[in-house]
Structure formats: structure tokens, C-alpha cells
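# Coordinate inspection notes
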Amino acid sequence: MEKKNRYRNRIGALTLCRFLLCGVLLLATGVGFVMVRNKHVIRGHEIRNLEDSIGELDRKIEMWELRIAGVRDRQELSRRLRWVQSDLAAIDSSKVIEVLPEPVKELD
């Protein structure tokens, strides 16, 4: 005598719960990995943007330092004044009077 449902394998409730649990755990692990990876990527972009802005500020500071150094130089200042067509006139060094301070009298 042959069994009618010999090739029909029934999946029990316990086995089905195990498969579902394994699937949910794998799905949760995958979602967790993707979320952590996305946070790392976003944080990396933020860090790169901050580094770019720091580099830009460094370049601006360097440009201002060069401008300040250029203005402190007499020839550069003269060139800039001519470039902006300033009304200031050049000072002849022979007409400059040097004023010396009086010597301090000592109290006896």
C-alpha cells in the first residue's frame, strides 16, 4: 500500500517561524549596515566640506596678509595710491624735518 501524500512535504509552524526569524534577522542586519554606512558617508561629506571651508579661509587669510605686507611697503603703497588715483602727493625727503626729543633733566 502506498501513501497518497508521500511526496508532499509539509512545513511545520516551528520551521516556518525559524525561517521567518532568520529572514527578519538578516533583513535587520542589512538595514543596520546600510544605515551605519550612510551615516559614515554623510559624516565624511560634512568633514570634507568643513576642510574645504577651512582651506578657503586659510587662502583668504593669506591673501589679507599679503595685502597688509604690500601696504606696509613704501613702494607698494605708492603704487597703490597711483593706481587708485589718490590726491595725496609724494613727500620730498629733503623737506622732511626731523624733530628730536629734548633730553630728560635728571632731578638731583
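Heads up: the structure comes first, above all this text.
Bear in mind the structure is a predicted one, so any value in this text is a computation, not a measurement.

### Comments concerning the pattern of salt bridges
Considering all chains together, one arrives at two salt bridges under this definition. Between R43 and E46 there is a salt bridge, with the nearest N and O atoms lying 3.9 Å from each other. Here R43 and its partner E46 are both found in helix α1 (residues 13-72), three residues apart, which amounts to about one turn of the helix.

### Let's talk about the packing of aromatic side chains
This structure, assessed with the given rule, holds zero aromatic pairs. It is R67 that lies over the ring of W64; its NZ or CZ is 4.9 Å from the centre.

### A word on the packing of α1 against helix α2 (residues 74-83)
It is the contact of α1 with α2, at a shortest axis distance of 5 Å, that shows an interaxial angle of 95°. If you check the angle between α1 and α2, you find them roughly perpendicular. Across from R67, G70, V71 and R72 in α1, the residues of α2 making contact are R74, E76, L77 and R80. Here the contact of α1 with α2 is composed, by residue class, of two nonpolar, one polar and five charged.

### Here's the deal with unusual backbone geometry
What you tend to see is this: most non-glycine residues have negative phi, and most peptide bonds are trans. Here Q85, not a glycine, exhibits a phi torsion of approximately 55°, which is positive. Mapped onto the secondary structure, Q85 falls in the segment after α2. Judged by relative accessible area, which is 68%, Q85 ranks as exposed.

### Some points on a nonpolar patch on the surface
On the surface, a nonpolar cluster with roughly 320 Å² of combined accessible area is contributed by I11, L16 and L20. Along the chain, the position of L16 falls in helix α1.

### Examining the environment of A89
Tracing the backbone through its elements, the reader meets A89 in the segment after α2. For A89, a relative accessible area of 66% gives the class exposed. Each C-alpha atom of the pair A89 and S78 lies 9.7 Å from the other, and the pair is eleven residues apart in sequence.

Conventions we followed
Residues numbered from 1 in each chain as written. Predicted model: local features only at pLDDT ≥ 70, side-chain atom pairs only at ≥ 80, totals over all residues. Heavy atoms only, no water. Salt bridge = Lys/Arg side-chain N within 4 Å of Asp/Glu carboxyl O. Helix = DSSP H or I, 4+ residues; strand = E, 2+ residues; numbered from the N terminus. Phe/Tyr/Trp six-rings, centres within 6.5 Å; stacked < 30°, edge-to-face > 60°. Lys NZ or Arg CZ within 6 Å of the ring centre and 35° of its normal. Axes fitted to C-alpha atoms, helices over the stretch in contact; angles between N-to-C directions. Parallel < 35°, antiparallel > 145°, perpendicular 65-115°, else oblique. Contact = heavy atoms within 4.5 Å. Nonpolar A, V, L, I, M, F, W, Y, C, P; charged D, E, K, R; others polar. Buried < 20%, exposed > 50% of the residue type's maximum accessible area, 1.4 Å probe, protein only. Patch = residues over 30% accessible without salt bridge, like charges linked within 9 Å, V, L, I, M, F, W, Y side chains within 5 Å. Areas by Shrake-Rupley, 256 points an atom, 1.4 Å probe, with all protein chains shown as cover.

The analysis is restricted to geometry; functional conclusions fall outside its scope.
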